[in-house]
2 protein chains.
Amino acid sequence: MKKTKKKIFHDFVTRKGLKSTRQRDVILDVFLSSERHMSIEELYLKLRAKHPNIGYATVYRTLKLFAESGIAREIQFGDGQTRYEHVAEGEHHDHLVCTRCGAIEEFENETIEKLQDEVAASHGFIIETHKLELYGQCAKCRKQ
Amino acid sequence: MKKTKKKIFHDFVTRKGLKSTRQRDVILDVFLSSERHMSIEELYLKLRAKHPNIGYATVYRTLKLFAESGIAREIQFGDGQTRYEHVAEGEHHDHLVCTRCGAIEEFENETIEKLQDEVAASHGFIIETHKLELYGQCAKCRKQ
DNA sequence: GCCATGTTTGAAAGTGATATTCATTAACAT
DNA sequence: ATGTTAATGAATATCACTTTCAAACATGGC
Ligand SMILES: [Mn+2]
Ligand SMILES: [Mn+2]
Ligand SMILES: [Zn+2]
Ligand SMILES: [Zn+2]
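Here the structure is a predicted model, which is why all the values come from computation and not from measurement. (Residues numbered from 1 in each chain as written. Chains lettered and ligands numbered in written order. Predicted model: local features only at pLDDT ≥ 70, side-chain atom pairs only at ≥ 80, totals over all residues. Heavy atoms only, no water.)

A. The arrangement of the coordination of the zinc ion (ligand 4) in detail. Residues and elements named next belong to chain B. In this structure, Cys98 (SG), Cys101 (SG), Cys138 (SG) and Cys141 (SG) serve as the protein donors to the zinc ion (ligand 4), at separations of 2.2 to 2.4 Å. Taken together, the four donor atoms surrounding the zinc ion (ligand 4) define angles of 103 to 115 degrees at the centre, an arrangement classified as tetrahedral. Along the chain, the residues that donate to the zinc ion (ligand 4) are spaced as C-x2-C-x36-C-x2-C. Residue Cys98 is located in strand S4 (residues 94-98), and its partner Cys138 is located in the loop between strand S6 (126-137) and helix H6 (139-142); the two are separated by 40 residues in the primary sequence. (Donors = N, O, S within 2.8 Å, 3.2 Å for Na, K, Ca; no water. Tetrahedral: all angles 85-135°; square planar, octahedral: opposite > 155°, others 65-115°. Helix = DSSP H or I, 4+ residues; strand = E, 2+ residues; numbered from the N terminus.)

Right, dumping it as structure tokens:
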């Protein structure tokens, strides 16, 4: 049985001796009910609609905690904004990014991952993480 | 016969109706005589040694022009600094980045590139550019 | 519950990289 | 040589975050 993200985060908070606060709960709810790849500002604006008194700094700090706890991953698509996406346990994927409309699609490719390891090995490297992003025109934008 | 980077940049400047200035020449010389993957600040410091009166803003502006002209490529390794690397015509490579010492190695892998196109095609995308970076420990750092 | 303690919060100020402004200077066409 | 336009550099602004700090809150022990 899989632990929910709420449970994972709560356990993380307890284990680290942190406190469970109303703000963290609310931010987690908004994050979990949002589409993937949200920028911090998007999340903040969505949050502010219902909770106008939660500060920007708290959102930043809390998203960092989400990443640390393993329920979120920080991503940068080169537009100067940090985004956070949901992380499912044991899952990994890379991204296709439309340079016109900004649409983001996800993909997994085992063969590419294997080849990356081979490349790294041939240079004496051991990979810890990697970043693979394909930028181009999505199907929709191509037809317009 | 290959055009030199100086020639390429000069042609670009002419074609765009820009002006050929002492500063641009000097910055180009320093860039061309530098190792790959230099941060803007590194370049500026190197430049300042011999040309203390060239402004930071001019360096930023000129490097952007280099990228636009095709002789340089902007890269981000996630350390918050933009780097510029030399671009050889028709050549492409990706990067291995050591998370300990910052060493950067380059590689090319035709198979990975092909698979990327296939992935993109299967999502209806047409790739314009891509970014593949492998982060981990280099051979040297692993032995320490 | 109530208190003591350490943590978290939000507003404001700070930071660091990059971009812009604007008066002055320099390049190029005529 | 002169006029036109672009480029420069110092200063200032911007943008995305990060830090600071006093006040508010969460939690464990009584
Ligand atoms: Mn994703
Ligand atoms: Mn390179
Ligand atoms: Zn699109
Ligand atoms: Zn190393």
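B. Quick peek at the protein's contact with DNA strand C. In the region of DNA strand C, 21 residues are neighbours, and A:Lys19, A:Thr58, A:Arg61, B:Tyr60 and B:Thr82 sit closest. Within 4 Å of the protein, the contacting atoms of DNA strand C are drawn from sugar and phosphate to the extent of 73%. One nitrogen or oxygen atom from the side chain of A:Arg61 is found 2.6 Å from a base nitrogen belonging to DNA strand C. B:Ser20 is positioned with one of its backbone polar atoms (N or O) 3.1 Å from a phosphate oxygen of DNA strand C. Among the secondary structure elements, those contributing two or more residues to the surface near DNA strand C are helix H2 (22-32) and helix H4 (56-69) of chain A together with helix H4 (56-69) of chain B. (Near = heavy atom within 4 Å. Polar contact = N/O pair within 3.5 Å; in protein donor to acceptor, adjacent residues only side chain to side chain.)

C. Molecular detail of the layout of surface pockets. By volume, the largest pocket amounts to about 1100 Å³. Every residue lining the largest pocket is counted, 41 residues in all, and those nearest its centre are A:Lys131, A:Glu133, A:Tyr135, B:Lys131 and B:Glu133. Mapped onto the lining of the largest pocket, the elements with two or more residues apiece are strand S2 (72-76), strand S4 (94-98) and strand S6 (126-137) of chain A together with strand S2 (72-76), S4, helix H5 (110-122) and S6 of chain B. Partitioning the lining of the largest pocket into residue classes produces 10 nonpolar, 17 polar and 14 charged. (1 Å grid on protein atoms, 1.4 Å probe; cavity = no way out; pocket = protein on both sides within 12 Å on 5 of 7 lines; lining within 4 Å. Points joined across faces, edges and corners; volume = space filled by probe spheres on them. Nonpolar A, V, L, I, M, F, W, Y, C, P; charged D, E, K, R; others polar.)

D. Fine view of the domain arrangement of chain A. All names here are of chain A. Split into domains, chain A comes out as domain 1 (2-86) and domain 2 (94-143). Centre-to-centre, using C-alpha coordinates, domain 1 lies 25 Å away from domain 2. Of the residues lining the interface, seven residues belong to domain 1; the matching set on domain 2 comes to seven residues. Buried surface at the junction of domain 1 and domain 2, both sides included, amounts to about 590 Å², of which 53% is carbon and sulfur. Summed over the three residues of domain 1 that lose the most area to domain 2, namely His37, Gln76 and Phe77, the buried surface amounts to 73% of that side. Our enumeration of links across domain 1 and domain 2 arrives at one salt bridge. (Domains from an automatic or database assignment. Contact = heavy atoms within 4.5 Å. Buried area = accessible area lost by both parts, 1.4 Å probe. Salt bridge = Lys/Arg side-chain N within 4 Å of Asp/Glu carboxyl O.)

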